[in-house]
Amino acid sequence: MVHEREEDMICGPVMPQGGIQALEAMLFTLDYINDPSNGVIARGNKVGALILDDCDKDTYGLEQAVDFIKGSISNIHDQEYKCSDGSSSKVKVIDGVVGAASSVTSIQVANLLRLFKIPQ
């Protein structure tokens, strides 16, 4: 969660200590992993993320998970791609989901993702 809970609106003010620090740590880690000079993953591969804010509300986090599933349904399972040289390769676009900071939200989202065999 990057924003605090707010009862009369979807998200409250930004949480600089907990929220922004966790977001920056995730982005730093992705930059480190994707830097070829670090040798963490094979050249030509990249690890990415779609980062969503649940605003410390389990219902809003679950709503975002449903929207994520609806928008990504064709990218969940292995897909086969034909290359220009006639060869083919399988690519799994979504390998997993990093859970929310809140256990309540994480459990609800994990139960939803389990239906689509996406680990959290």
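Structure: see above.
Residues numbered from 1 in each chain as written. Predicted model: local features only at pLDDT ≥ 70, side-chain atom pairs only at ≥ 80, totals over all residues. Heavy atoms only, no water.

Asker: Before we move on, can you summarise the state of the cysteines with the specific residues and values?
Answerer: When the sulfur atoms of two cysteines share a covalent bond, that bond is a disulfide. Applying the stated criterion across every chain yields a total of 1 disulfide. With a sulfur-sulfur separation of 1.6 Å, Cys-11 is cross-linked through a disulfide to Cys-55. Its S-S torsion of about 60° marks the bond between Cys-11 and Cys-55 as right-handed, since a negative value means left-handed. Taken together, the residues span a long stretch of sequence, with Cys-11 in the segment before helix H1 (16-34) and Cys-55 in the loop between H1 and helix H2 (58-72) at a distance of 44 residues. According to the relative accessible area criterion, Cys-11 is partly exposed, its value standing at 21%. (Disulfide = S-S within 2.5 Å. Helix = DSSP H or I, 4+ residues; strand = E, 2+ residues; numbered from the N terminus. Buried < 20%, exposed > 50% of the residue type's maximum accessible area, 1.4 Å probe, protein only.)

Asker: Could you give an account of the environment of Ile-41, naming the residues involved and the relevant values?
Answerer: By the element assignment, Ile-41 lies in the loop between H1 and H2. Setting aside chain neighbours within four positions, we find Ile-41 in contact with Ile-33, Asn-34, Lys-46 and Val-47. (Contact = heavy atoms within 4.5 Å.)

Asker: Give me the pattern of salt bridges: which residues, what numbers.
Answerer: Scanning the model with the defined rule gives 1 salt bridge in all. The salt bridge involving Lys-70 is made with Asp-67; its shortest N-O contact spans 3.7 Å. Taken together, the residues Lys-70 and Asp-67, both in helix H2 and 3 residues apart, mark about one turn of the helix. Accessibility expressed as a relative area gives 60% for Lys-70, which makes it exposed. (Salt bridge = Lys/Arg side-chain N within 4 Å of Asp/Glu carboxyl O.)

Asker: Would you mind going over helix H3 (residues 103-114) in detail, with residue names and values included?
Answerer: A rise of 1.5 Å per residue sets the reference length of H3, with its 12 residues, at 16 Å; its end C-alpha atoms lie 16 Å apart and thus fit the reference within 8%. Restricting attention to buried positions, one finds in H3 the residues Thr-105, Ser-106, Val-109, Leu-112 and Leu-113. The buried residues of H3 occupy an angular sector of 130° when projected down its axis, which confines them to one face. Projecting away from the buried face of H3 at angles above 90 degrees are the exposed residues Ser-103, Ile-107 and Arg-114. Those residues of H3 that are buried lie in contact with H2. (Expected span 1.5 Å × (residues − 1). Arc of directions from axis to C-beta.)

Asker: Pulling in residues and values, what's your account of H2?
Answerer: Owing to its 3.6 residues per turn, the α-helix brings residues three or four apart onto one side. Its 15 residues place the ends of H2 21 Å apart at the C-alpha level, agreeing with the 21 Å of an ideal helix rising 1.5 Å per residue. Inspection of H2 places Gly-61, Gln-64, Ala-65, Phe-68, Ile-69 and Ser-72 among the buried residues, and these make up the whole buried set. The arc that holds the buried residues of H2, viewed along the axis, is 140°, so those residues lie on one side. In this structure, H2 carries Thr-59, Lys-70 and Gly-71 as exposed residues pointing more than 90 degrees from its buried face. Buried residues along H2 sit in contact with H3.

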